[in-house]
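# Analysis of the macromolecular model
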Amino acid sequence: MEQQLSTENNQLSSEEILGLLPHRFPFALIDRVIEHVPGKKAVALKNVTINEPQFQGHFPERPLMPGVLIVEAMAQVGGIIVTQMPELPKGLFVFAGINNVKFRRPVVPGDQLVITCELLSIKRQRFGKVKGEAHVDGKLVCSGELMFSLVD
């Protein structure tokens, strides 16, 4: 059954995201999709809260969102794009590479990440590349290219 968008302006609720992606707590990192062009682009929100498990150890005196989790959140937004492409086989798409990722500023509890991903390419219906950017308060915090492949 194909997932339907919740509103005419192409938004997805957290429940609808759970229907599209295999990630679950504590790795379900996308709270809402606020813009979506199937097969091309998605913009999503990640609300960073102090009660997330990574902040117990990263770092107790100065909580910072780990860069790897910012990249994972960007990858999940890329996954929203891929899951909405009917011509692609269904299955589990995983990281195949990460290029030119740069972290510009820290992300802390109370921040809201606005993550934008655009599909750059799909090859042989198994490999793809997205360009991702994450912003907080209009300022770039992370950017890079994420490659993925279909797991057999």
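This section reports on the structure supplied with the text. All values derive from a computational prediction rather than experimental measurement.

Looking now at the state of the cysteines. Tallying each qualifying case throughout the model produces zero disulfides. The cysteine C117 is free of any disulfide, with C142 supplying the nearest cysteine sulfur at 9.9 Å.

What follows is about the pairing of strand β2 (residues 41-47). With five of its seven residues buried, β2 lies for the most part within the structure. Pairing geometry for strand β1 (residues 32-37) and β2, over five bridges, is antiparallel. Paired with R32 across the strands is L45, a residue of β2. Hairpin remark: β1 followed by β2, antiparallel, with three residues in the connecting loop; positive phi at G39, about 75 degrees.

Where nonpolar side chains cluster on the molecular surface, the patch consists of L92, V94 and V151 and spans about 210 Å² of accessible area. By the secondary structure assignment, V94 is in strand β3 (residues 93-103).

Criteria and cut-off values
All chains use their own residue numbering, which begins from 1 and follows the written sequence. Only residues with pLDDT of 70 or above have their local features reported here, since the model is predicted, and side-chain atom pairs are shown and tallied only from 80 upward, although totals for entire chains, interfaces and linings are computed over all residues. The side-chain values count all of the structure's non-hydrogen atoms but skip hydrogen atoms and water molecules. Defined by distance alone, a disulfide is two cysteine sulfur atoms within 2.5 Å. Three exposure classes are used, based on accessible area relative to the maximum for each residue type with a 1.4 Å probe and protein chains only: buried under 20%, partly exposed in between, and exposed over 50%. Helix and strand assignments come from DSSP, with helices taken as H or I runs of at least 4 residues and strands as E runs of at least 2, each series counted from the N terminus. Pairing between two strands is assigned when DSSP locates at least 2 bridges connecting them. By definition, no residue in a patch forms a salt bridge, and every one has over 30% relative accessible area; like charges are joined within 9 Å, nonpolar side chains (Val, Leu, Ile, Met, Phe, Trp, Tyr) within 5 Å. Surface accessibility in these figures is a Shrake-Rupley result with a 1.4 Å probe; residues are shielded only by whichever protein chains are displayed. Put simply, a salt bridge is a Lys or Arg side-chain nitrogen that is within 4 Å of an Asp or Glu carboxyl oxygen.

Shape descriptors only; they carry no functional weight alone.
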